[in-house]
Amino acid sequence: MPTPLLTAAATGYLLNCALGASVALRVLDTSGVRWVHHAVYVATAVLTAGAGAELARHRRPAFWRLLPVALPLSAIPAVSARSRWHPVIAGTAAPAYLAALRAS
């Protein structure tokens, strides 16, 4: 069973992707509250780091599955949200979150 931190991190990632996609598709307009997307990103990054630390501390194999998430999470702030690469880079984290959840 996945740890609560790993579940929270994956949920934060999913929510942030859903929010970003909703804005990109113009379902939602967050122009007045862009900080919400940023806040969910920061929460996701912090939860992911916590989950990784917990998995490493307990020597759980899910740590190695989660580790690749570090690259897209660290790269995404440097890529404009208006570029086509922003959702592509963000999406590359999905397989690692899923693999970590399945491994734990």
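Residues numbered from 1 in each chain as written. Predicted model: local features only at pLDDT ≥ 70, side-chain atom pairs only at ≥ 80, totals over all residues. Heavy atoms only, no water.

**Looking at the packing of helix 1 (residues 4-24) against helix 6 (residues 94-103)**
Reasoning step 1: At their nearest, the axes of helix 1 and helix 6 sit 10 Å apart, and the two run at 155° to each other. Our classification of the angle between helix 1 and helix 6 gives roughly antiparallel. Between helix 1 and helix 6 lies a crossing of left-handed hand. Along its contact with helix 1, which presents Leu6, Thr7, Ala9, Ala10 and Tyr13, the element helix 6 presents Ala94, Tyr97, Ala100 and Leu101. (Axes fitted to C-alpha atoms, helices over the stretch in contact; angles between N-to-C directions. Helix = DSSP H or I, 4+ residues; strand = E, 2+ residues; numbered from the N terminus. Parallel < 35°, antiparallel > 145°, perpendicular 65-115°, else oblique. Left-handed = near helix turned anticlockwise from the far one by under 90°. Contact = heavy atoms within 4.5 Å.)

**So, the UniProt feature "transmembrane region" (unreviewed entry) in the protein**
Reasoning step 1: Under the present numbering, the feature "transmembrane region" (unreviewed entry) in UniProt falls on residues 36-56.
Reasoning step 2: Strand forms 0% of residues 36-56 and helix 100%; the C-alpha atoms that close the span are 30 Å apart. (UniProt positions renumbered as here; feature names shortened; annotations may be inferred.)

**A few points about the packing of aromatic side chains**
Reasoning step 1: Overall, the coordinates contain 2 aromatic pairs when judged by the stated rule.
Reasoning step 2: Look at Tyr13 and Tyr97: their rings are 4.7 Å apart centre to centre, the planes differ by 25°, and that puts the pair in the stacked class. Placement of Tyr13 in helix 1 and of Tyr97 in helix 6 is noted, with a sequence separation of 84 residues between them.
Reasoning step 3: For Tyr13, a relative accessible area of 10% puts it in the buried group.
Reasoning step 4: Judged by its relative accessible area of 3%, Tyr97 falls in the buried class.
Reasoning step 5: Seen from their ring centres, Phe63 and Trp64 are 4.9 Å apart, and the 75° between their planes marks the pair as edge-to-face.
Reasoning step 6: For Phe63, a relative accessible area of 18% gives the class buried.
Reasoning step 7: Among the residues examined, Trp64 registers a relative accessible area of 59% and is labelled exposed. (Phe/Tyr/Trp six-rings, centres within 6.5 Å; stacked < 30°, edge-to-face > 60°. Buried < 20%, exposed > 50% of the residue type's maximum accessible area, 1.4 Å probe, protein only.)

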